[in-house]
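# Remarks on the overall topology
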Amino acid sequence: MLNNFETDSIFTPEQVLENRGRVAIFIDGSNLFYAALQLGIEIDYTKLLCRLTGGSRLLRSFFYTGVDRTNEKQQGFLLWMRRNGYRVIAKDLVQLPDGSKKANLDVEIAVDMMALVDSYDTAVLVSGDGDLAYAVNSVSYRGVRVEVVSLRSMTSDSLINVSDRYIDLEAIKEDIQKTPRQSYPYRPLSGIGFLEDTRTSDGHLEIQE
């Protein structure tokens, strides 16, 4: 079964990583936020990028999220993301009849996965949304290896079934969480020191309602 890839594979974890080739990362910001909430952690986005890349050659890392463009704190958080290795795809939140706000970026994720399919060898999808299963299956038929990363309780079986490898966020939370209340600036991958690590929790909480 694909779920048991890591234990039943004839390859060692080291061999798997060596064969990942060029990696493209697609992060469903809302899904990741709620997964972190369930785990009781705050995401360190520098650690996350390093963990997902795993020493392979990174083509690009996309972060998809809904935003309220009038919220300066949110804009500051997204600016930090853009300057620290992420390509941010933002979509305005839409007010629903029940008063809640939502922005669905499944189409954007699927389109980008397909548009770049000839440019990467491994896709890392950080989402548990079963609506993305068709896109994952499609890029797989184009010869791309797909790794799905999400919290198991929030992940559709249909998405796991079409992936080549599934990683439960529970298993890697120690590698991607912020050190509690540790005051230190992020180390920008671009070499540009801009914002200190003070925006992740509150800014992202308000972004995703």
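The following refers to the structure shown. (Residues numbered from 1 in each chain as written. Predicted model: local features only at pLDDT ≥ 70, side-chain atom pairs only at ≥ 80, totals over all residues. Heavy atoms only, no water.)

### A few points about the packing of aromatic side chains
Note the cut-off: In summary, the pairing rule links any two rings of Phe, Tyr or Trp, Trp by its six-membered ring, whose centres are within 6.5 Å, and it sorts them by plane angle into stacked for under 30 degrees, edge-to-face for over 60 and tilted for everything else. Here a helix means four or more residues in a row that DSSP labels H or I, a strand means two or more in a row labelled E, and each is numbered from the N terminus. Three exposure classes are used, based on accessible area relative to the maximum for each residue type with a 1.4 Å probe and protein chains only: buried under 20%, partly exposed in between, and exposed over 50%.
Going through the model one piece at a time under the given rule, you end up with nine aromatic pairs. An angle of 75° between the planes, with centres 6.3 Å apart, marks the rings of phenylalanine 63 and tyrosine 86 as edge-to-face. In this pair, phenylalanine 63 sits in strand β2 (residues 57-67) while tyrosine 86 sits in the loop between α5 (72-82) and β3 (87-92), placing the two residues 23 residues apart along the sequence. The residues phenylalanine 63 and tyrosine 86 share a single accessibility class, namely buried.

### A short note on the pairing of β3
Condition: The pairing criterion is simple: DSSP has to find at least two bridges between the two strands. Classification remark: right-handed applies to a crossover when, strands pointing away from the viewer, the course from the first strand over the helix to the second runs clockwise.
Pairing between β2 and β3: six bridges, direction parallel. Across the sheet, valine 67 pairs through a bridge with aspartate 92, a residue of β3. Running through α5, the crossover from β2 to the neighbouring parallel element β3 is right-handed.

### Some points on the side chain of serine 150
As a reminder of what qualifies: Counted as a polar contact is a pair of N or O atoms within 3.5 Å, where, for protein atoms, one must be capable of donating a hydrogen and the other of accepting one, and residues adjacent in sequence contribute only when both atoms are in side chains. Contacts: residue pairs with any heavy atoms within 4.5 Å of one another.
Mapped onto the elements, serine 150 comes out in strand β7 (residues 145-150). A polar side-chain atom of serine 150 sits 3.4 Å from the main-chain amide nitrogen of glycine 128. In terms of polar contacts, serine 150 uses its side chain to reach the side chain of threonine 155, at 3.1 Å. Apart from residues lying up to four places away in sequence, serine 150 is in contact with Asn31, Ser127, Gly128, Thr155, Tyr166, Ile167, Asp168 and Leu169.

### So, the packing of helix α6 (residues 106-115) against helix α7 (residues 133-140)
Applied cut-off: A fitted line through C-alpha atoms represents every axis, and for helices the fit uses only the stretch in contact; the resulting angles, taken between N-to-C directions, go from 0 to 180 degrees. For classification purposes, an angle smaller than 35 degrees is called roughly parallel, one larger than 145 roughly antiparallel, one from 65 to 115 roughly perpendicular, and anything else oblique. Lys, Arg, Asp and Glu make up the charged group, whereas Ala, Val, Leu, Ile, Met, Phe, Trp, Tyr, Cys and Pro make up the nonpolar group; the residues left over, Gly among them, are polar.
Here α6 crosses α7 at 0°, and the two axes come no closer than 10 Å. As far as their axial angle goes, α7 and α6 are roughly parallel. Contacts between α6 and α7 involve Ala110, Met113 and Met114 from the former and Ala135, Val136, Ser138 and Val139 from the latter. Tallied by class, residues from the contact of α6 with α7 come to six nonpolar, one polar and no charged.

### Some thoughts on the pattern of salt bridges
As a reminder of what qualifies: Any Lys or Arg side-chain nitrogen located within 4 Å of an Asp or Glu carboxyl oxygen qualifies as a salt bridge.
Enumeration over the complete set of coordinates arrives at nine salt bridges. Note that glutamate 147 is salt-bridged to arginine 20, the shortest N-O span being 3.0 Å. Of this pair, glutamate 147 sits in strand β7 while arginine 20 sits in the loop between α2 (13-18) and β1 (22-28), and the two are 127 residues apart along the sequence. A relative accessible area of 2% means that arginine 20 is categorised as buried. Across the pair arginine 145 and glutamate 147 runs a salt bridge, and its minimum N-O distance is 3.4 Å. Exposure class is identical for arginine 145 and glutamate 147. Each is buried. When salt bridges with common partners are traced through the structure, they connect Arg20, Arg145 and Glu147 into a single cluster.

### What to know about the environment of leucine 52
Along the polypeptide, leucine 52 turns up in helix α4 (residues 45-53). Sequence separation of leucine 52 and glutamate 147 is 95 residues, and the distance between their C-alpha atoms is 9.6 Å. Residues within four places of leucine 52 in sequence aside, it is in contact with Arg20, Ile25, Ile27, Val124, Val126 and Val149.

### Digging into the nonpolar core
Stated precisely, the cut-off is as follows: In this text, buried Ala, Val, Leu, Ile, Met, Phe, Trp, Tyr and Cys residues form a nonpolar core when linked through side-chain atoms within 4.5 Å.
One finds Ile27, Tyr45 and Leu48 to be the most contacted residues of the largest nonpolar core, which totals 29 residues. When residues of this core are traced back to their parent elements, those giving at least two are β1, α3 (29-39), α4, β2, α5, β6 (122-126) and α9 (169-176). When residues no more than four places from it in sequence are discounted, the contact partners of isoleucine 27 are Leu32, Leu48, Leu52, Ser61, Phe62, Phe63, Tyr64, Tyr86 and Val126. Ranked by size, the runner-up nonpolar core spans 24 residues in total, among them Phe26, Ile109, Leu132 and Ala133.

### Describing the sheet that holds β7
The strand order β3-β2-β1-β6-β7-β8 describes an open sheet built from six strands, whose pairing is parallel. Of all the strands in the sheet, the pair left with one neighbour each is β3 and β8 (165-168). Direction aside, neighbouring strands of the sheet carry axes that sit 15° apart on average. Across five bridges, the pairing between β1 and β6 is parallel. Paired with isoleucine 27 across the bridge in β6 is valine 126. Contacts between α4 and the sheet are confined to β1, β2, β6 and β7, with β1 contributing the most and set at about 135° to the helix.

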